[in-house]
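Fold and contact review
Chain by chain, the residues:
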2 protein chains.
Amino acid sequence: MATIKDVAREAGVSVATVSRVFNNSPLVSEMTAEAVLEVATRLDYWPNGAARSLSTRRTGTIGVVLPDLYGEFFSEIIRGIDTEARAGKYQILLSSSHAAESALVKAAQSMRGRIDGLIAMAPHAGSSNALGEFARHFPVVLLNPGFPVENCGVVSIANFEGARAMVRHLLEMGHRRIALVKGPSGNVDAEERRRGYREALKEGEGDLDPSLEIPGDFDQESGYASADLLLRLQPRPTAVFAANDWTAFGLMSALSEAGVRVPGEMAVAGFDDMSIAPFLNPPLTTVRVDAAELGKRAVRLWFDAVRTPPESRIFPREILPTTLKVRRSCGARNGTPERERAGRRGTGTENGRRE
Amino acid sequence: MATIKDVAREAGVSVATVSRVFNNSPLVSEMTAEAVLEVATRLDYWPNGAARSLSTRRTGTIGVVLPDLYGEFFSEIIRGIDTEARAGKYQILLSSSHAAESALVKAAQSMRGRIDGLIAMAPHAGSSNALGEFARHFPVVLLNPGFPVENCGVVSIANFEGARAMVRHLLEMGHRRIALVKGPSGNVDAEERRRGYREALKEGEGDLDPSLEIPGDFDQESGYASADLLLRLQPRPTAVFAANDWTAFGLMSALSEAGVRVPGEMAVAGFDDMSIAPFLNPPLTTVRVDAAELGKRAVRLWFDAVRTPPESRIFPREILPTTLKVRRSCGARNGTPERERAGRRGTGTENGRRE
DNA sequence: TTGTATGCGTTATCAG
DNA sequence: CTGATAACGCATACAA
């Protein structure tokens, strides 16, 4: 593989000149530049990234560590990160960190010298101190952390506000007895959504009854299973809020099999707004989480940090608003919403705050 | 940030010794190693990746360039790549290449010196020569390319075989007039699936009628729209094979709205086996493409290449078999298939060949 | 078992 | 405008 030296020799100039050409330095005559470029193309030369970053102390890449690369949510986050990073001429060094809490740390370790900073999603509070350590060396932005970390930028999801808005909506629709199919216990998102559920019921006239809170696990299966308990409740609820869309899907399958009409006999709501949600039968009313936007914001925060001298850096905590998507699974409020088209999502009301 | 020199000085040894410790060299006494490690931990030292790869000419990372990071298919590919790469102690430098054909080349260019090779999905034949150029420098594996490229490993999808198997199945179920909702014209996968469709009809007793081939675009919307044409056909087909699951979803929505029972009046089949497919109403009969496995195989092929001296390298072309997933949307063959559980998929017959 | 010295491919500083 | 040359942080051949 041709190096800068080869090009210099072949073009009859010094390596410094070649370097200048490839860095668009104005300190080189157009004629020389052309000649160098010609030789470079002929020799199929391109600067070696490792050498370059060793010399400049910049790598032009952001490390991204996510707990797991499974599902639409994560793929959307990555897409958002990639899009925004590319727009800023940065690349992405990706790693999933497995569930183990030490994995995140190890992944980040092994990226040293190869990244200018980190965007990470850390499910375990145990990673906290290690992350703080990294943050002393370079900018770190955390995605929806369940614990406070110093010296890191943070983007979280308005789970609480989204859930509260959804339950408020159900109350507005006249429901009083609203069940909740919870997410896995210990999960930050699940916990916040439950808080929002309770808060809305407390504010409104809803039944705040512990027996209405059915266990769930964020998956289709647990949603399916929850229908059984749901239908046994006395008096039977008229609406269910599932902690995420997968749960809602399972729930709707089970209700359909049980001959319970949705939304007629039971309104169903979800959380996430997966791409399939508008196309279910009936289309699912849910809370939209714009995962790609989550990724984009993380990158923007990260860029802000990079462009700021370390001593005057601030560490903003941003909260990604969620949006209520009213579809048919909860009955129509103002007539039946128009049919949504693929790729085009209807508008809605934003829930959440910014800081 | 502490360097190897800092550690050496602090520990009272040479940099060579520190280096040996971090490379698990047996040529260092246990005592010294411990001391070095102690100091390293205290100084929060970790080898600089750029410097290391400059010296060793190995980076420990694979460049991954995909045309677009959207949707479950791509996220699964990435997951497969990541899983397998991590198992082999490799990291992933990710980049989406936009649709532009030069983008792939640029992305790969800018990765030079930072990767040991490339796994790419190149939708445009124009990238062909550039890829061949890369392949002369380091191992390249292509994902499902629509054109022949020299010196590259290749993993493609058994689109033809999968489609043929599906249509054969429909024929077996007694259907004779089977429509096809095509994918976008020019798309490799779409083209191969159509070939499989025609082949099966030719072999069997099906109607090989051009008017049965309805235009589509791989999305929900075009599937929805296709129902109109489908229902107008004279005589009306008893089954439709949609070129992918999204198309099938749209089709099923439209049929449901039109009051056409599935599978009673119209059998519907898809292609891809998206995660939601088993949970539709009725569950969708489709052809499973294991995208994660596609990614894994690409990495394995890549590993094979890396571990082989360049002169004796061969460039295998592997074809990922697809699997027929029989569910209820085409009617049951041997009674109703058992209900599938999330995360557990039923077995099926493999279609495709290996080389 | 340990240390010394050289090279990896660039950038950047300093002279010309 | 151009050219030497010293870093950058590490691995390794060679010496000890």
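What counts, and where the lines are drawn
- Here the residue numbering is sequential within each chain, running from 1 through the sequence in written order.
- As a convention, the first chain written is A and the first ligand written is 1, with the rest following in written order.
- The predicted origin of the model limits local features to residues at a pLDDT of at least 70 and limits the giving and counting of side-chain atom pairs to 80 or more, whereas totals for whole chains, interfaces and linings rest on all residues.
- To get the side-chain values, take all heavy atoms of the structure and skip hydrogens and water.
- When DSSP locates at least two bridges between a pair of strands, those strands are taken to pair.
- Only DSSP runs of H or I reaching four residues or more are called helices, and only runs of E reaching two or more are called strands; each is numbered from the N terminus.
- Working rule for contacts: check all heavy atoms of both residues, and any pair within 4.5 Å makes them a contact.
- Orientation is described by axes fitted as lines to C-alpha atoms, over the contacting stretch for helices, and by angles from 0 to 180 degrees between their N-to-C directions.
- Consider each residue's heavy atoms; a residue with any of them within 4 Å of a molecule or strand counts as near.
- For this analysis, a polar contact is any N or O atom pair within 3.5 Å, provided that within protein one partner can donate a hydrogen and the other can accept it, and provided that sequence-adjacent residues contribute only side-chain to side-chain pairs.
- Asp, Glu, Lys and Arg are counted as charged, while Ala, Val, Leu, Ile, Met, Phe, Trp, Tyr, Cys and Pro are counted as nonpolar; the rest, among them Gly, fall into the polar class.
- Start and end positions for the domains come from either an automated domain assignment or a database one.
- Salt bridges, as used here, are contacts in which a Lys or Arg side-chain nitrogen is within 4 Å of a carboxyl oxygen on Asp or Glu.
- Here the word oblique covers every angle except those under 35 degrees (roughly parallel), over 145 (roughly antiparallel) and from 65 to 115 (roughly perpendicular).

**What about the sheet that holds strand β9 (residues 267–269) of chain A?**
Residues and elements named next belong to chain A.
- If you trace the 4 strands from one edge of the open sheet to the other, you get β7-β6-β8-β9, paired in parallel fashion. With one partner strand each, in any of the chains shown, β7 (213–214) and β9 form the two edges of the open sheet.
- With 4 bridges joining them, strand β6 (residues 178–181) and strand β8 (residues 239–242) adopt parallel strand pairing. Among the inter-strand pairings, L180 is bridged to a residue of β8, identified as F241.
- On the sheet, helix α11 (residues 245–257) packs against β6, β8 and β9 and is oriented at approximately 155 degrees with respect to β9.

**What to know about the protein's contact with DNA strand D**
- Surveying the vicinity of DNA strand D reveals 28 residues, the closest of which are R20(A), T32(A), R57(A), I4(B) and R52(B).
- Looking at DNA strand D alone, sugar and phosphate atoms form 66% of those within 4 Å of the protein.
- Between DNA strand D and S14(A), the relevant distance is 3.0 Å, taken from a phosphate oxygen to a main-chain nitrogen or oxygen of the residue.
- Between DNA strand D and S19(B), the relevant distance is 2.7 Å, taken from a phosphate oxygen to a side-chain nitrogen or oxygen of the residue.
- Contributing elements (two or more residues each) for the surface near DNA strand D: α2 (15–22) and α4 (49–56) of chain A together with α2 (15–22) and α4 (49–56) of chain B.
- Looking at the surface near DNA strand D residue by residue, the classes come out as 12 nonpolar, 12 polar and 4 charged.

**Focus on the domain arrangement of chain A**
- Domains assigned within chain A are domain 1 (1–45) and domain 2 (159–289 + 322–347).
- Centre-to-centre, using C-alpha coordinates, domain 1 of chain A lies 62 Å away from domain 2 of chain A.

**Notes on the interface of chain A and chain B**
- If you look at the interface, chain A gives 53 residues, while chain B gives 53 residues.
- Along the contact surface separating chain A from chain B lie 2 salt bridges.
- Summed over the shared surface of chain A and chain B, the result is 21 residue pairs in polar contact (both at pLDDT 80 or more).
- Counting residues per element, the ones that place at least two in the side of chain A that touches chain B are α4, α5 (71–87), β2 (91–96), α6 (101–109), α7 (128–137), α10 (220–232) and α11 of chain A.
- In terms of residue count, α5(A) provides more of the side of chain A that touches chain B than any other element does, 7 residues in total.

**A closer look at the packing of helix α1 (residues 4–11) of chain A against α2(A)**
Residues and elements named next belong to chain A.
- Interhelical geometry of α1 versus α2 gives an angle of 110 degrees and a closest axis separation of 8 Å. Accordingly, the angle class assigned to the pair α1 and α2 is roughly perpendicular. Listed contacts from α2 to I4, K5, V7 and A8 of α1 are V15, V18 and S19.
- Tallied by class, the residues present in the contact of α1 with α2 amount to 5 nonpolar, 1 polar and 1 charged.

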